[in-house]
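Close look at the chain arrangement
Listed here are the chains, written in short residue letters.
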Amino acid sequence: MEAQAPENLEELTEKIALLQDRLPKRLRQCAAYILQNTHEIAFSTVAEISEKANVQPSAVMRFCQVVGFGGYTDMQKLVRQTIQPGIPDYSERIQNLREAGDDSPTAILAEFVEAGRQSLEQLSITVNETALEKAVETLAQARLIHIMGLRRAYPVASYLSYAFEKLRIPNVLHGGEGRLTHAEAMREEDVLIAITFASYSSETIELADEAVQRGLPVILISDTPSLLVNGTVVVPLIVSEIDFGAFRSLSATLSLAISLAVATGARRSS
């Protein structure tokens, strides 16, 4: 009889604690590490967890199956949902606006203008100047700039690629369609700009992991400083957007993106 998968984080930790003493040595190591560092599962690869737990990746996969999951991705999905609970879908958001009486075009525009203003003010205050300077210097020295962003991050990624193209800066926009990210195109002296927001794109994180493994610098544009790929080579640029009715515009993020492009163009031509 197959083990039933936990349905929430509490069930997961309870099940691990219950099974821990009955597991083989390597699986006990997995259990001990995951119990103490459960939230790391959300943004870490199997290889990263296995290294930290001092076991083979196959042991981590086996551990997931013993707990009741089909694989590591299923356990990761559960942890991510707990850390970043699901937000209402678009139809629910529209219904909420109607019920609140905020669905007239003028009211919606006014709300998004205000949300954008607050987001931009927040960005100007909280931007990490050291990280921004390092990002521009890294981009200015790059042979080729790779850009990856899906879903809500895709407009930012495509806009960056467009801006770099107009500035005559070589770049590659990775789309991720069919899970094809053109990772093989990354070479020494290249740099990756990875853009992802909650709930985070696994394809983008995987490409960032690949870049790190190849020793390439990664500039991470995200809404949380806890989304770590590799502490020494990732330059985090944190940007958050004020939402209206659970809808988020990209006012601050696009401003950060065009600033990166223009500053990089100025630095390369100096």
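Data block above holds the structure.
Report on the accompanying structure. From a predicted model like this one, the values you see are computed outputs, not experimental measurements.

1. Some remarks on empty space enclosed by the protein
In total, this model carries one cavity of 30 Å³ or more according to the counting rule given. Roughly 40 Å³ of volume is contained in the largest cavity. Surrounding the largest cavity, Leu123, Val127, Asn128, Ala131, Pro236, Leu237, Ile238 and Leu256 form its lining. Among the elements that take part in the lining of the largest cavity, strand β5 (residues 234–238) stands out by supplying three residues, more than any other. Looking at the lining of the largest cavity residue by residue, the classes come out as seven nonpolar, one polar and no charged.

2. A look at the pattern of salt bridges
Throughout the structure, instances matching the rule amount to six salt bridges. Put simply, aspartate 190 and arginine 143 hold a salt bridge, and the shortest N to O gap is 2.9 Å. Taken together, the positions of aspartate 190 in the loop between β2 (171–174) and β3 (191–196) and arginine 143 in the loop between α8 (129–141) and β1 (145–149) put the pair 47 residues apart, joining distant regions of the chain. A residue is classified by how much of its surface remains accessible, and arginine 143, at 41% relative accessible area, is partly exposed.

3. A few points about the sheet that holds β2
Strand order in this open sheet of five strands is β2-β1-β3-β4-β5, and the pairing throughout is parallel. Here the strands that pair on one side only, and so sit at the sheet edges, are β2 and β5. Neighbour-to-neighbour, the strand axes of this sheet turn through a mean angle of 20°, independent of strand direction. When β1 meets β3, the two strands line up parallel, connected through five bridges. Note on β3: the bridge partner recorded for histidine 146 is leucine 192. The sheet contacts of helix α10 (residues 202–213) involve β1, β2, β3, β4 (218–222) and β5, and relative to β3 the element is tilted by about 155°.

4. A short note on α10
Between the first and last C-alpha of α10 there are 16 Å, a value that for twelve residues agrees with the 16 Å anticipated at 1.5 Å per step. Downstream of α10 by one or two residues, glycine 215 has phi in the positive range, about 80°.

5. A few points about unusual backbone geometry
Even without being glycine, asparagine 54 reaches a positive phi, approximately 60°. Mapped onto the fold, asparagine 54 is located in the loop between α3 (46–53) and α4 (57–67). Since its relative accessible area comes to 57%, asparagine 54 is described here as exposed. Residue glutamate 189 is not a glycine yet carries a positive backbone phi of 80°. Looking at where glutamate 189 falls in the secondary structure, it is placed in the loop between β2 and β3. For glutamate 189, a relative accessible area of 55% gives the class exposed.

Cut-offs used in this document
- Each residue is numbered by its place in its chain's sequence as written, counting from 1.
- Reporting in this predicted model follows two pLDDT cut-offs: at least 70 for local features of residues, and 80 or more for side-chain atom pairs to be given and counted; totals over whole chains, interfaces and linings ignore these cut-offs and use all residues.
- Computation of side-chain values: all heavy atoms of the structure, hydrogens and water removed.
- Note on definitions: the grid is 1 Å and covers protein atoms alone; a cavity is a set of points where a 1.4 Å probe fits but cannot get out; a pocket is an open set with protein on both sides within 12 Å along at least five of seven lines; lining residues have an atom within 4 Å of a point.
- Grid points are joined across faces, edges and corners, and a volume is the space filled by probe spheres set on the points.
- Going along the chain from the N terminus, every DSSP run of H or I of four or more residues is numbered as a helix, and every run of E of two or more is numbered as a strand.
- Note on residue categories: nonpolar means Ala, Val, Leu, Ile, Met, Phe, Trp, Tyr, Cys or Pro, charged means Asp, Glu, Lys or Arg, and polar means any other residue, Gly included.
- By convention in these notes, a salt bridge is any Lys or Arg side-chain nitrogen within 4 Å of a carboxyl oxygen on Asp or Glu.
- Under the scheme applied here, a residue whose accessible area is under 20% of the maximum for its type counts as buried, over 50% as exposed, and between as partly exposed, the area being computed with a 1.4 Å probe on protein chains only.
- Here, any two strands with at least 2 DSSP bridges between them count as paired.
- To get an axis, fit a line to the C-alpha atoms, keeping to the stretch in contact for a helix; angles then go from 0 to 180 degrees between the N-to-C directions.
- Between two residues, a contact is recorded if the distance between any of their heavy atoms is within 4.5 Å.
- Multiplying 1.5 Å by the helix residue count minus one yields the expected span of that helix.

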